[in-house]
Amino acid sequence: MGKVTFIRPKGYRSMHDVLETQIAIKRIKDYFEKSLSEQLNLTRVSAPLFVTTDTGLNDYLNGVERPVSFDVKSIEGKRIEIVQSLAKWKRMALYKYGFKPYEGLYTDMNAIRRDEDLDNIHSIYVDQWDWEKIIMKEDRNIDFLKDCVRKIYKAFKNTERCMQGIYKDYEEILPDEITFITSQELEDMYPDKSPKERENAIAKEKGAVFITGIGGKLKSGKRHDGRSPDYDDWMLNGDILFWYPVLDMALELSSMGIRVDKDALLRQLKLSDCEDRLKLEYHQMLMEDKLPLTIGGGIGQSRICMFFLRKAHIGEIQASIWPQEMISICEAHKIALL
(Lines give C-alpha, C1' and ligand atoms only; values in the text may rest on other atoms or scores of the structure.)
Protein backbone atom coordinates (compact mmCIF):
# COMPACT_ATOMS: atom_id res chain seq x y z
CA MET A 1 0.00 0.00 0.00
CA GLY A 2 1.26 3.49 -0.86
CA LYS A 3 1.56 6.04 1.87
CA VAL A 4 -0.87 8.97 2.05
CA THR A 5 0.04 12.00 4.15
CA PHE A 6 -1.48 15.45 4.51
CA ILE A 7 0.13 18.68 5.68
CA ARG A 8 -2.44 20.75 7.54
CA PRO A 9 -2.10 24.39 6.44
CA LYS A 10 -2.63 26.92 9.20
CA GLY A 11 -5.61 29.20 8.55
CA TYR A 12 -5.65 28.39 4.84
CA ARG A 13 -8.05 30.15 2.52
CA SER A 14 -7.62 30.06 -1.26
CA MET A 15 -7.09 33.41 -2.97
CA HIS A 16 -9.21 32.29 -5.92
CA ASP A 17 -12.26 30.14 -6.53
CA VAL A 18 -12.05 27.22 -8.97
CA LEU A 19 -12.83 29.21 -12.14
CA GLU A 20 -10.50 32.07 -11.19
CA THR A 21 -7.83 29.48 -10.46
CA GLN A 22 -8.19 27.99 -13.95
CA ILE A 23 -7.77 31.43 -15.55
CA ALA A 24 -4.72 32.16 -13.38
CA ILE A 25 -3.11 28.81 -14.24
CA LYS A 26 -3.23 29.69 -17.94
CA ARG A 27 -1.72 33.12 -17.29
CA ILE A 28 1.14 31.71 -15.23
CA LYS A 29 1.95 28.93 -17.69
CA ASP A 30 1.88 31.22 -20.71
CA TYR A 31 4.07 33.85 -19.07
CA PHE A 32 6.61 31.52 -17.50
CA GLU A 33 6.95 29.40 -20.64
CA LYS A 34 7.72 32.47 -22.75
CA SER A 35 10.18 33.87 -20.21
CA LEU A 36 11.97 30.52 -19.84
CA SER A 37 12.36 30.03 -23.59
CA GLU A 38 13.79 33.56 -23.96
CA GLN A 39 16.23 33.15 -21.08
CA LEU A 40 17.65 29.84 -22.34
CA ASN A 41 17.14 30.17 -26.13
CA LEU A 42 14.72 27.25 -26.35
CA THR A 43 12.33 26.13 -29.10
CA ARG A 44 9.17 24.21 -28.26
CA VAL A 45 8.86 20.69 -29.70
CA SER A 46 6.39 17.84 -29.38
CA ALA A 47 7.26 14.94 -27.09
CA PRO A 48 6.19 11.30 -26.71
CA LEU A 49 3.90 10.01 -23.98
CA PHE A 50 5.43 6.54 -24.31
CA VAL A 51 8.57 4.81 -25.61
CA THR A 52 9.63 1.19 -26.25
CA THR A 53 11.68 -0.48 -23.53
CA ASP A 54 14.51 -1.56 -25.84
CA THR A 55 15.65 2.00 -26.65
CA GLY A 56 16.76 2.79 -23.09
CA LEU A 57 15.17 6.23 -23.46
CA ASN A 58 12.88 6.01 -20.44
CA ASP A 59 14.06 7.54 -17.18
CA TYR A 60 14.21 5.03 -14.35
CA LEU A 61 14.49 7.77 -11.70
CA ASN A 62 15.78 6.17 -8.47
CA GLY A 63 15.67 2.70 -9.99
CA VAL A 64 12.77 1.43 -7.88
CA GLU A 65 9.78 3.16 -9.49
CA ARG A 66 7.75 0.93 -11.80
CA PRO A 67 6.91 2.49 -15.18
CA VAL A 68 3.40 1.91 -16.49
CA SER A 69 3.75 -0.52 -19.38
CA PHE A 70 1.52 -2.20 -21.96
CA ASP A 71 1.57 -3.98 -25.29
CA VAL A 72 0.23 -2.72 -28.61
CA LYS A 73 -1.75 -4.93 -30.98
CA SER A 74 -0.05 -3.58 -34.09
CA ILE A 75 3.52 -3.80 -32.73
CA GLU A 76 4.44 -7.37 -31.91
CA GLY A 77 7.30 -8.33 -29.63
CA LYS A 78 7.82 -4.91 -28.03
CA ARG A 79 6.81 -3.59 -24.63
CA ILE A 80 5.68 0.03 -24.42
CA GLU A 81 6.28 2.23 -21.35
CA ILE A 82 4.72 5.54 -20.30
CA VAL A 83 7.64 7.95 -19.88
CA GLN A 84 8.69 8.81 -16.33
CA SER A 85 10.66 11.80 -17.59
CA LEU A 86 12.22 12.82 -20.91
CA ALA A 87 15.80 13.33 -19.70
CA LYS A 88 17.32 10.99 -22.28
CA TRP A 89 14.75 11.46 -25.06
CA LYS A 90 15.51 15.19 -25.22
CA ARG A 91 19.20 14.59 -25.83
CA MET A 92 18.37 12.21 -28.64
CA ALA A 93 15.93 14.77 -30.08
CA LEU A 94 18.59 17.51 -30.12
CA TYR A 95 20.78 15.14 -32.15
CA LYS A 96 18.04 14.07 -34.57
CA TYR A 97 16.55 17.54 -35.12
CA GLY A 98 19.89 19.20 -35.94
CA PHE A 99 20.12 21.73 -33.12
CA LYS A 100 23.37 23.71 -32.85
CA PRO A 101 25.49 24.58 -29.77
CA TYR A 102 23.68 26.87 -27.30
CA GLU A 103 20.34 26.12 -28.94
CA GLY A 104 17.82 24.04 -27.07
CA LEU A 105 14.32 22.66 -26.87
CA TYR A 106 11.54 22.46 -24.34
CA THR A 107 8.37 20.44 -24.28
CA ASP A 108 5.29 19.65 -22.22
CA MET A 109 5.98 16.37 -20.46
CA ASN A 110 3.13 14.34 -19.01
CA ALA A 111 3.74 11.15 -17.09
CA ILE A 112 2.26 8.66 -14.65
CA ARG A 113 4.26 7.71 -11.56
CA ARG A 114 2.28 4.86 -10.08
CA ASP A 115 4.55 4.40 -7.03
CA GLU A 116 4.41 8.00 -5.79
CA ASP A 117 3.53 8.53 -2.13
CA LEU A 118 0.63 11.00 -2.19
CA ASP A 119 0.53 14.23 -0.18
CA ASN A 120 -0.04 17.96 -0.69
CA ILE A 121 2.68 18.28 -3.33
CA HIS A 122 2.83 14.79 -4.89
CA SER A 123 0.33 13.04 -7.16
CA ILE A 124 0.60 10.15 -9.60
CA TYR A 125 0.21 12.62 -12.50
CA VAL A 126 3.29 14.56 -13.54
CA ASP A 127 3.19 17.66 -15.72
CA GLN A 128 6.34 19.63 -16.31
CA TRP A 129 8.37 21.57 -18.81
CA ASP A 130 11.29 19.39 -19.84
CA TRP A 131 14.12 21.34 -21.46
CA GLU A 132 17.53 20.52 -22.92
CA LYS A 133 20.27 22.60 -24.50
CA ILE A 134 23.48 21.77 -26.38
CA ILE A 135 26.72 22.90 -24.73
CA MET A 136 30.44 22.55 -25.43
CA LYS A 137 33.02 20.46 -23.57
CA GLU A 138 34.45 23.53 -21.85
CA ASP A 139 30.98 24.33 -20.43
CA ARG A 140 30.91 21.19 -18.29
CA ASN A 141 31.70 23.05 -15.06
CA ILE A 142 29.91 24.39 -12.00
CA ASP A 143 30.07 28.04 -13.12
CA PHE A 144 28.18 27.30 -16.33
CA LEU A 145 25.59 25.36 -14.33
CA LYS A 146 25.11 28.28 -11.94
CA ASP A 147 24.72 30.73 -14.83
CA CYS A 148 21.86 28.62 -16.24
CA VAL A 149 20.22 28.45 -12.81
CA ARG A 150 20.34 32.24 -12.51
CA LYS A 151 18.63 32.59 -15.90
CA ILE A 152 15.87 30.19 -14.84
CA TYR A 153 15.51 32.05 -11.55
CA LYS A 154 15.06 35.28 -13.52
CA ALA A 155 12.09 33.66 -15.26
CA PHE A 156 10.62 32.86 -11.83
CA LYS A 157 11.15 36.43 -10.62
CA ASN A 158 9.63 37.85 -13.80
CA THR A 159 6.56 35.65 -13.31
CA GLU A 160 6.12 36.73 -9.70
CA ARG A 161 6.28 40.40 -10.74
CA CYS A 162 3.71 39.66 -13.44
CA MET A 163 1.39 38.19 -10.82
CA GLN A 164 1.82 41.23 -8.63
CA GLY A 165 0.80 43.44 -11.53
CA ILE A 166 -2.38 41.43 -12.17
CA TYR A 167 -3.70 40.67 -8.69
CA LYS A 168 -4.38 43.24 -6.01
CA ASP A 169 -2.57 42.73 -2.67
CA TYR A 170 -0.34 40.03 -4.20
CA GLU A 171 2.86 39.78 -2.17
CA GLU A 172 6.28 38.95 -3.65
CA ILE A 173 8.17 36.46 -1.47
CA LEU A 174 11.13 35.42 -3.62
CA PRO A 175 14.50 37.01 -2.74
CA ASP A 176 16.42 39.03 -5.33
CA GLU A 177 19.06 36.32 -5.73
CA ILE A 178 19.13 32.53 -5.45
CA THR A 179 21.66 30.97 -3.04
CA PHE A 180 23.99 28.13 -4.08
CA ILE A 181 25.13 25.39 -1.71
CA THR A 182 26.48 21.86 -2.18
CA SER A 183 24.78 18.83 -0.67
CA GLN A 184 27.99 18.15 1.27
CA GLU A 185 28.06 21.67 2.71
CA LEU A 186 24.47 21.16 3.74
CA GLU A 187 25.29 17.88 5.49
CA ASP A 188 28.22 19.57 7.25
CA MET A 189 25.92 22.36 8.45
CA TYR A 190 23.18 20.03 9.68
CA PRO A 191 24.80 16.62 10.38
CA ASP A 192 21.97 15.51 12.67
CA LYS A 193 19.16 16.34 10.25
CA SER A 194 17.70 14.26 7.44
CA PRO A 195 18.12 15.53 3.86
CA LYS A 196 14.54 16.90 3.82
CA GLU A 197 15.08 18.63 7.16
CA ARG A 198 18.27 20.21 5.79
CA GLU A 199 16.37 21.43 2.73
CA ASN A 200 13.71 22.98 4.94
CA ALA A 201 16.30 24.70 7.10
CA ILE A 202 18.32 26.24 4.26
CA ALA A 203 15.25 27.18 2.20
CA LYS A 204 13.64 28.92 5.17
CA GLU A 205 16.84 30.87 5.82
CA LYS A 206 17.56 31.88 2.21
CA GLY A 207 14.13 31.89 0.52
CA ALA A 208 15.45 30.35 -2.71
CA VAL A 209 18.32 27.87 -2.97
CA PHE A 210 20.02 25.62 -5.51
CA ILE A 211 21.52 22.49 -3.94
CA THR A 212 24.29 21.00 -6.08
CA GLY A 213 25.89 17.56 -6.22
CA ILE A 214 22.96 15.15 -5.88
CA GLY A 215 23.15 11.41 -6.50
CA GLY A 216 26.52 10.35 -5.15
CA LYS A 217 27.35 9.38 -1.58
CA LEU A 218 28.28 12.08 0.94
CA LYS A 219 30.97 11.79 3.64
CA SER A 220 28.39 10.13 5.86
CA GLY A 221 28.06 7.32 3.33
CA LYS A 222 24.48 8.36 2.57
CA ARG A 223 23.04 10.16 -0.45
CA HIS A 224 21.25 13.49 -0.25
CA ASP A 225 18.75 12.10 -2.75
CA GLY A 226 18.62 9.47 -5.47
CA ARG A 227 19.36 10.13 -9.13
CA SER A 228 19.39 7.87 -12.16
CA PRO A 229 23.03 7.20 -13.14
CA ASP A 230 22.64 7.77 -16.86
CA TYR A 231 21.48 11.34 -17.38
CA ASP A 232 22.75 13.91 -14.81
CA ASP A 233 26.41 14.13 -13.91
CA TRP A 234 26.12 13.82 -10.12
CA MET A 235 28.89 16.38 -9.62
CA LEU A 236 27.24 18.96 -11.93
CA ASN A 237 23.55 18.83 -11.09
CA GLY A 238 21.10 20.11 -8.50
CA ASP A 239 17.62 21.09 -7.36
CA ILE A 240 15.92 24.50 -7.17
CA LEU A 241 13.95 24.89 -3.94
CA PHE A 242 11.84 27.79 -2.66
CA TRP A 243 10.61 28.33 0.87
CA TYR A 244 6.83 27.91 0.82
CA PRO A 245 5.16 29.57 3.82
CA VAL A 246 1.70 28.20 3.00
CA LEU A 247 2.87 24.70 3.96
CA ASP A 248 5.86 25.81 6.06
CA MET A 249 8.28 23.75 3.97
CA ALA A 250 10.80 23.77 1.13
CA LEU A 251 9.15 23.27 -2.26
CA GLU A 252 11.23 21.73 -5.05
CA LEU A 253 10.41 23.40 -8.36
CA SER A 254 13.10 21.99 -10.61
CA SER A 255 15.69 19.23 -10.92
CA MET A 256 18.39 19.86 -13.52
CA GLY A 257 22.00 19.40 -14.42
CA ILE A 258 24.80 19.05 -16.93
CA ARG A 259 24.33 15.63 -18.49
CA VAL A 260 26.78 12.76 -18.37
CA ASP A 261 29.58 12.42 -20.87
CA LYS A 262 30.88 8.90 -21.48
CA ASP A 263 33.36 9.06 -18.58
CA ALA A 264 30.68 10.13 -16.11
CA LEU A 265 28.28 7.55 -17.53
CA LEU A 266 30.73 4.69 -17.00
CA ARG A 267 31.60 5.87 -13.50
CA GLN A 268 27.99 6.24 -12.38
CA LEU A 269 26.76 3.02 -13.96
CA LYS A 270 29.52 1.16 -12.15
CA LEU A 271 28.68 2.82 -8.82
CA SER A 272 25.01 1.93 -9.33
CA ASP A 273 25.66 -1.61 -10.56
CA CYS A 274 23.79 -0.78 -13.77
CA GLU A 275 26.48 -1.53 -16.36
CA ASP A 276 24.07 -3.81 -18.20
CA ARG A 277 22.42 -0.65 -19.58
CA LEU A 278 25.46 -0.11 -21.82
CA LYS A 279 23.91 -2.50 -24.35
CA LEU A 280 20.94 -0.16 -24.93
CA GLU A 281 20.81 2.09 -27.99
CA TYR A 282 20.94 5.41 -26.13
CA HIS A 283 23.94 4.37 -24.05
CA GLN A 284 25.79 2.98 -27.06
CA MET A 285 25.33 6.25 -28.94
CA LEU A 286 26.65 8.18 -25.96
CA MET A 287 29.69 5.94 -25.67
CA GLU A 288 30.39 6.43 -29.39
CA ASP A 289 30.24 10.26 -29.00
CA LYS A 290 27.25 10.49 -31.33
CA LEU A 291 25.09 12.48 -28.92
CA PRO A 292 25.76 16.15 -28.13
CA LEU A 293 26.90 17.34 -24.72
CA THR A 294 23.93 18.97 -23.03
CA ILE A 295 22.44 20.60 -19.97
CA GLY A 296 18.78 20.17 -19.10
CA GLY A 297 16.10 19.63 -16.53
CA GLY A 298 12.46 19.52 -15.62
CA ILE A 299 10.33 22.29 -14.11
CA GLY A 300 7.05 21.29 -12.50
CA GLN A 301 4.09 23.08 -14.07
CA SER A 302 1.59 22.32 -11.30
CA ARG A 303 4.22 23.04 -8.65
CA ILE A 304 4.90 26.46 -10.16
CA CYS A 305 1.20 27.33 -10.31
CA MET A 306 0.75 26.04 -6.77
CA PHE A 307 3.59 28.29 -5.58
CA PHE A 308 2.48 31.45 -7.37
CA LEU A 309 -1.19 30.97 -6.45
CA ARG A 310 -0.29 30.08 -2.84
CA LYS A 311 -2.32 26.86 -2.95
CA ALA A 312 -2.27 24.28 -0.15
CA HIS A 313 -2.65 21.20 -2.36
CA ILE A 314 -1.45 20.29 -5.84
CA GLY A 315 -4.92 18.86 -6.50
CA GLU A 316 -6.18 22.48 -6.60
CA ILE A 317 -4.07 22.90 -9.75
CA GLN A 318 -4.22 19.58 -11.58
CA ALA A 319 -6.92 16.98 -12.10
CA SER A 320 -5.58 13.72 -10.71
CA ILE A 321 -6.88 10.73 -8.75
CA TRP A 322 -6.87 10.63 -4.95
CA PRO A 323 -7.79 8.05 -2.31
CA GLN A 324 -11.03 8.71 -0.45
CA GLU A 325 -9.07 9.50 2.70
CA MET A 326 -7.34 12.45 0.97
CA ILE A 327 -10.60 13.66 -0.60
CA SER A 328 -12.35 13.69 2.78
CA ILE A 329 -9.50 15.53 4.50
CA CYS A 330 -9.39 18.20 1.77
CA GLU A 331 -13.17 18.69 1.98
CA ALA A 332 -12.86 19.19 5.73
CA HIS A 333 -10.23 21.90 5.14
CA LYS A 334 -12.22 23.58 2.32
CA ILE A 335 -9.60 22.60 -0.27
CA ALA A 336 -11.25 22.23 -3.69
CA LEU A 337 -9.66 19.34 -5.55
CA LEU A 338 -10.13 19.45 -9.32
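Residues numbered from 1 in each chain as written. Predicted model: local features only at pLDDT ≥ 70, side-chain atom pairs only at ≥ 80, totals over all residues. Heavy atoms only, no water.

A. Spotlight on the overall build of the chain. When helices and strands are tallied, the chain shows 9 helices and 11 strands. Counting only C-alpha atoms and orienting by the principal axes, one finds that the chain spans roughly 55 × 50 × 40 Å. Taken over 338 residues, the chain has a buried fraction of 53%. Sequence separation of at least 24 residues holds for 73% of the intrachain contacts in the chain that already meet a minimum separation of 6. Carbon together with sulfur atoms contributes 50% to the accessible area of the chain, which is approximately 16,000 Å² in total. (Helix = DSSP H or I, 4+ residues; strand = E, 2+ residues; numbered from the N terminus. Buried < 20%, exposed > 50% of the residue type's maximum accessible area, 1.4 Å probe, protein only. Contact = heavy atoms within 4.5 Å. Areas by Shrake-Rupley, 256 points an atom, 1.4 Å probe, with all protein chains shown as cover.)

B. Examining the packing of helix α1 (residues 18–40) against helix α3 (residues 142–166) more closely. Two elements in contact, α1 and α3, have axes separated by 9 Å at closest approach and are oriented at 150 degrees. The two elements α1 and α3 meet at a crossing, and its hand is right-handed. Taking contact as the criterion, the partners of R27, I28, Y31, F32, S35, L36, Q39 and L40 in α1 are, on α3, C148, K151, I152, K154, A155, F156, N158, T159, C162, M163 and I166. Per-class residue counts for the contact of α1 with α3 are 12 nonpolar, 4 polar and 3 charged. (Axes fitted to C-alpha atoms, helices over the stretch in contact; angles between N-to-C directions. Left-handed = near helix turned anticlockwise from the far one by under 90°. Nonpolar A, V, L, I, M, F, W, Y, C, P; charged D, E, K, R; others polar.)

C. Representation of the packing of aromatic side chains within the structure. Taken as a whole, this structure holds 10 aromatic pairs when the rule is applied. Here the basic side chain of R310 rests over the ring of F307, its NZ or CZ set 5.2 Å away from the ring centre. (Phe/Tyr/Trp six-rings, centres within 6.5 Å; stacked < 30°, edge-to-face > 60°. Lys NZ or Arg CZ within 6 Å of the ring centre and 35° of its normal.)

D. Geometry of the environment of I317. Here I317 shows up in the loop between α8 (301–308) and α9 (324–332). Along the chain, I317 and R8 lie 309 residues apart, while their C-alpha atoms are 17 Å from each other. Ignoring anything within four residues of it in the chain, the contact list for I317 reads T21, I25, S302, C305, M306, L309, K311 and L338.

E. Examining the pairing of strand β6 (residues 125–134) more closely. Taking burial as the measure, the 10 residues of β6 include 9 buried ones, the bulk of the element. Where strand β5 (residues 104–112) and β6 come together, 9 bridges link them in antiparallel fashion. By the bridge assignment for β6, I112 is matched with Y125. (Pairing = 2+ DSSP bridges.)

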